[in-house]
Amino acid sequence: MPKGVYERKPRVSSYPLKSKLICGGCFYVWVYSGVSSSTKCPVCGRRIDARDKTEYSRNYAEQHPERKSKLVEWWKQNKTQHSRDTTSKLKRRVFAIISESSNPKCVNCGCDDIRLLEVNHINGSGAAEYRARGNANFYRDISMLRRNTDGLELLCRVCNAKHYLELKYGKLPIEVKWNGT
């Protein structure tokens, strides 16, 4: 090794490491098998903390009960907006996983408006899965990589309706185009 150049050793932490990491920037989820306490997102390069601080947080909450009353008060004031934000983040994360991109879009027409995108079951049976597990559990399982995404794709609402009608009645004489406005 040349003079003045030092080998960088990975930081070792007393905390256990998470097995799955989620990037807060691009919502990419991946399985982490490294030994360092921090890593970079493979998609956007953002630095991610890989330490699992669940036990630390639990102990802190037991030692500081006054924090719970502040949290309960905050929750009463911000529950609706917090739920919307959390659902939006979960939806973006799932779309990023299914599309394998930080910029998800409809596979048919190219629509990239996140408000119009939906998860489509390629071979049908989506309604049965939603009824059995619930919409939130479906999204959460995909987000935590507990559900395989092989039979899923992203479609906009119009293309998803067209796909449903084609499964039921056969090929339709219409074409959907997205012009980006």
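Overview of the structure. Keep in mind the model is a prediction, meaning the values are calculated, not measured.

1. Quick look at the overall build of the protein chain
Of regular secondary structure, the protein chain possesses 5 helices and 6 strands. N-terminal to C-terminal, the α/β element order of the protein chain is β-β-β-β-α-α-β-α-α-β-α. On C-alpha atoms alone, the protein chain measures out to a radius of gyration of 21 Å, which is more than a quarter above the 16 Å that the 2.2 N^0.38 rule sets for 181 residues. Taken along its principal axes, the extent of the C-alpha atoms in the protein chain is 65 × 55 × 35 Å. Sorting the 181 residues of the protein chain into buried and exposed places 26% on the buried side. A separation threshold of at least 6 residues defines the contact pool for the protein chain, and within that pool the share at least 24 residues apart is 56%. For the protein chain, the accessible area works out to roughly 13,000 Å², and carbon and sulfur atoms hold 51% of it.

2. A look at the side chain of glutamate 129
Relative to the elements of secondary structure, glutamate 129 occurs in helix H3 (residues 126-133). When its relative accessible area of 13% is taken as the criterion, glutamate 129 is described as buried. Separated by 2.6 Å, the side chains of glutamate 129 and arginine 133 make a polar contact.

3. Structural notes on the nonpolar core
If you look at the biggest cluster of nonpolar residues, it comprises 19 residues, and the most contacted ones within it are Val94, Phe95, Ile98, Cys106, Val119, Tyr139 and Ile142. Counting residues per element, this core draws most heavily on helix H2 (residues 66-99), which supplies 5 residues. Not counting residues within four places of it along the chain, the set of residues in contact with isoleucine 98 comprises Val119, Ile142, Thr149, Leu152, Glu153 and Leu154.

4. Side note on a nonpolar patch on the surface
Taken together, the side chains of Leu71, Trp74 and Trp75 present a nonpolar region at the surface, about 320 Å² in accessible area. Structurally, tryptophan 75 is set in helix H2. Judged by its relative accessible area of 37%, tryptophan 75 falls in the partly exposed class.

5. Points about the packing of aromatic side chains
How two aromatic rings sit relative to each other is given by the distance of their centres and the angle of their planes. A full pass over the atoms with the stated rule returns 6 aromatic pairs. On the basis of an interplanar angle of 85 degrees and a centroid distance of 5.7 Å, the ring pair of phenylalanine 138 and tyrosine 139 is categorised as edge-to-face. Looking at tyrosine 139, the relative accessible area reads 13%, which means it is buried. One aromatic cluster in this structure is built from Tyr15, Tyr56 and Tyr60.

6. Observations regarding the packing of H2 against helix H4 (residues 135-143)
Following both chains from N to C, one finds H2 and H4 inclined at 55 degrees, their axes separated by 9 Å at the closest point. Taken as axis vectors, H2 and H4 run oblique relative to one another. For the pair H2 and H4, the crossing hand works out as left-handed. Every residue of H4 that contacts H2 at Leu90, Lys91, Arg93, Val94, Phe95, Ile97 and Ile98 is listed here: Tyr139, Arg140, Ile142 and Ser143.

7. Describing the pairing of strand E5 (residues 117-121)
Along E5, 4 of the 5 residues are buried, which leaves the element largely enclosed by surrounding structure. When E5 meets strand E6 (residues 152-156), the two strands line up antiparallel, connected through 5 bridges. If you follow histidine 121 over to E6, its bridge partner there is leucine 152.

8. Quick word on H4
Of all the positions in H4, only Phe138, Tyr139, Asp141, Ile142 and Ser143 are classed as buried. Looking at the packing, one finds that the buried side of H4 touches strand E2 (29-31), H2, E5, H3 and E6. Within two residues after H4, leucine 145 carries a phi angle of roughly 60 degrees, on the positive side.

Parameters at a glance
- Residues numbered from 1 in each chain as written.
- Predicted model: local features only at pLDDT ≥ 70, side-chain atom pairs only at ≥ 80, totals over all residues.
- Heavy atoms only, no water.
- Helix = DSSP H or I, 4+ residues; strand = E, 2+ residues; numbered from the N terminus.
- Rg over C-alpha atoms; globule rule 2.2 N^0.38 Å.
- Buried < 20%, exposed > 50% of the residue type's maximum accessible area, 1.4 Å probe, protein only.
- Contact = heavy atoms within 4.5 Å.
- Areas by Shrake-Rupley, 256 points an atom, 1.4 Å probe, with all protein chains shown as cover.
- Polar contact = N/O pair within 3.5 Å; in protein donor to acceptor, adjacent residues only side chain to side chain.
- Core = buried A, V, L, I, M, F, W, Y, C linked by side-chain atoms within 4.5 Å.
- Patch = residues over 30% accessible without salt bridge, like charges linked within 9 Å, V, L, I, M, F, W, Y side chains within 5 Å.
- Salt bridge = Lys/Arg side-chain N within 4 Å of Asp/Glu carboxyl O.
- Phe/Tyr/Trp six-rings, centres within 6.5 Å; stacked < 30°, edge-to-face > 60°.
- Axes fitted to C-alpha atoms, helices over the stretch in contact; angles between N-to-C directions.
- Parallel < 35°, antiparallel > 145°, perpendicular 65-115°, else oblique.
- Left-handed = near helix turned anticlockwise from the far one by under 90°.
- Pairing = 2+ DSSP bridges.

In short, the description is geometric, and any link to function would need to be established separately.
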